[in-house]
Amino acid sequence: RYMGSGLSYSLVGKHNSCRVLLRAVRPNGGLWGHDLVCLILKYFGITDCSTKTHGNRNQFNVVRATFKALLTHESMEEIALKRGKRLLNVERARRLMI
């Protein structure tokens, strides 16, 4: 989760012919979209997200595609570690004039 409430970037999950798109939105944007996906995100503690489902909207396929999308999420720290970089706070970078 980004900032304890939402996603840091958009995610896509696919199961059979169902595709679920989880879009990152501004803070305090709320949850909207497919009811089942919003319920799953609420259980995960994500409160700011827009969802869209395409293809076969069978409940089983929607749930599996949602979990596959959530499994692809990486935090900012994981991305920086994979790239061999380190995260630096914006205010600290300005003070250090980087």
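The structure contained in this document is the topic of the report that follows.

Cut-offs and rules
Residues numbered from 1 in each chain as written. Predicted model: local features only at pLDDT ≥ 70, side-chain atom pairs only at ≥ 80, totals over all residues. Heavy atoms only, no water. Helix = DSSP H or I, 4+ residues; strand = E, 2+ residues; numbered from the N terminus. Expected span 1.5 Å × (residues − 1). Buried < 20%, exposed > 50% of the residue type's maximum accessible area, 1.4 Å probe, protein only. Arc of directions from axis to C-beta. Salt bridge = Lys/Arg side-chain N within 4 Å of Asp/Glu carboxyl O. Contact = heavy atoms within 4.5 Å.

Focus on helix 2 (residues 59–71)
So, step 1. Between its terminal C-alpha atoms helix 2 stretches 18 Å, which fits the 18 Å expected from 13 residues at 1.5 Å a residue.
So, step 2. Among the residues of helix 2, those classed as buried are Asn61, Val62, Ala65, Thr66, Ala69 and Leu70. Looking down the long axis of helix 2, one finds its buried residues gathered within 165° of arc, a one-sided arrangement.

So, the pattern of salt bridges
Where charged atoms from two side chains of opposite charge approach closely, those side chains can pair.
So, step 1. Tallied over the full model, the rule gives one salt bridge.
So, step 2. Two residues, Lys82 and Glu74, come together in a salt bridge whose shortest N-O distance is 2.7 Å.
So, step 3. On the basis of relative accessible area, Lys82 is assigned to the exposed category, the value being 60%.

Re the environment of Gly13
So, step 1. Looking at where Gly13 falls in the secondary structure, it is placed in strand 1 (residues 11–15).
So, step 2. It is 5.1 Å that separates the C-alpha atoms of Gly13 and Lys68, two residues lying 55 residues apart in sequence.
So, step 3. Not counting chain neighbours up to four residues away, the residues in contact with Gly13 comprise Cys18, Arg19, Val20, Ala65, Lys68 and Ala69.

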